[in-house]
Each structure stands twice: as structure tokens, then as C-alpha cells.
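# Coordinate analysis (summary)
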Amino acid sequence: MGKSPAFQFYPNDWLRDMEEYPLEINGAWIVILCKLWWSETRGEVTKSLEEWSRILREKKKKTREIFEFFSEKTSQM
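Structure report, in brief.

Basis of the calculations
- Each chain carries its own residue numbering, running from 1 in the direction its sequence is written.
- For this predicted model, a pLDDT threshold of at least 70 governs which residues receive local features, and a threshold of 80 or more governs which side-chain atom pairs are given and counted, while totals over whole chains, interfaces and linings are taken from all residues.
- For side-chain calculations, the full set of non-hydrogen atoms in the structure is used, while hydrogens and water are omitted.
- A fitted line through C-alpha atoms represents every axis, and for helices the fit uses only the stretch in contact; the resulting angles, taken between N-to-C directions, go from 0 to 180 degrees.
- Strands are runs of DSSP state E lasting at least two residues, helices are runs of H or I lasting at least four, and both sets are numbered from the N terminus onward.
- Our angle categories are set so that under 35 degrees counts as roughly parallel, over 145 as roughly antiparallel, 65 to 115 as roughly perpendicular, and the remainder as oblique.
- Should any heavy atoms of two residues lie within 4.5 Å, those residues are considered in contact.
- Under this grouping Gly is polar, as are all residues other than the nonpolar Ala, Val, Leu, Ile, Met, Phe, Trp, Tyr, Cys and Pro and the charged Asp, Glu, Lys and Arg.
- Summary of the burial criterion: residues with accessible area below 20% of their type's maximum are buried, those above 50% are exposed, and those between are partly exposed, where the area comes from a 1.4 Å probe applied to protein chains only.
- Residues enter a nonpolar core if they are buried and are Ala, Val, Leu, Ile, Met, Phe, Trp, Tyr or Cys, with the set joined through side-chain atoms within 4.5 Å.
- Here the expected length of a helix is defined as 1.5 Å per residue gap, with one fewer gap than residues.

Running from amino to carboxyl end, helix H3 (residues 49–56) crosses helix H4 (residues 60–75) at an angle of 95°, the nearest separation of the two axes being 9 Å. Classified by the angle between their axes, H3 and H4 sit roughly perpendicular to one another. Along its contact with H3, which presents Leu49, Glu50, Trp52, Ser53 and Leu56, the element H4 presents Lys60, Thr63, Arg64 and Phe67. Per-class residue counts for the contact of H3 with H4 are four nonpolar, two polar and three charged.

As for its placement among the helices and strands, serine 53 is situated in helix H3. Serine 53 gets classed as buried once you look at its relative accessible area, which sits at 7%. Once residues within four sequence positions are removed from consideration, serine 53 is found in contact with Glu58, Lys59, Lys60 and Thr63.

Trp14, Met18, Ile25, Ala28, Ile32, Trp52, Ile55, Leu56, Ile66 and Phe70 together form the largest nonpolar core, which totals ten residues. If you list the elements that add at least two residues to this core, you get helix H1 (11–18), helix H2 (23–38), H3 and H4.

So, on to H2. Under the 1.5 Å per step criterion, the end-to-end length of H2 is 23 Å for 16 residues, consistent within 8% with the ideal 22 Å. Within H2 the residues assigned to the buried category are Ile25, Asn26, Ala28, Ile32 and Trp37. Buried positions along H2 lie against H1, H3 and H4.

Printed below as a string of C-alpha cells:
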């Protein structure tokens, strides 16, 4: 069975959950979600910092900051 061509997206939830974060975080998160969706094992992706930098179209330093931001937020949950 092939993958579904789309995933559910709830704009109201997205806006409510992400409204306090900067646009670069919102953009990075949706790109990461898309990569997780298309991975061989859905929801799991292992990539190097350099690979994520290319995917996010950011320098390594900025990519590291973005992932540190996500790591910090998830540890607060």
C-alpha cells in the first residue's frame, strides 16, 4: 500500500499552537514535518546537521539554533 498523498492539517490548531514563535521556526517546523511524513519509517528521520542545513536552506549555525530551540521546547513539555 502506497503512502497517502497528504496529511491532515488543522489551520486553527497550527495558528494557535505556533502564534508565539517566529516565522523561521514555523517554516522550519512545517519543512521538518514534511520530511518526517515522507521518510521510509514515517515519523523518523536521521540526518546530519549538514543535511538538515541543506533541507532548511540555512547555514549550519542557524540550523543548530533551530534544533536547539525545538529541543528546549520539547524538554519543557
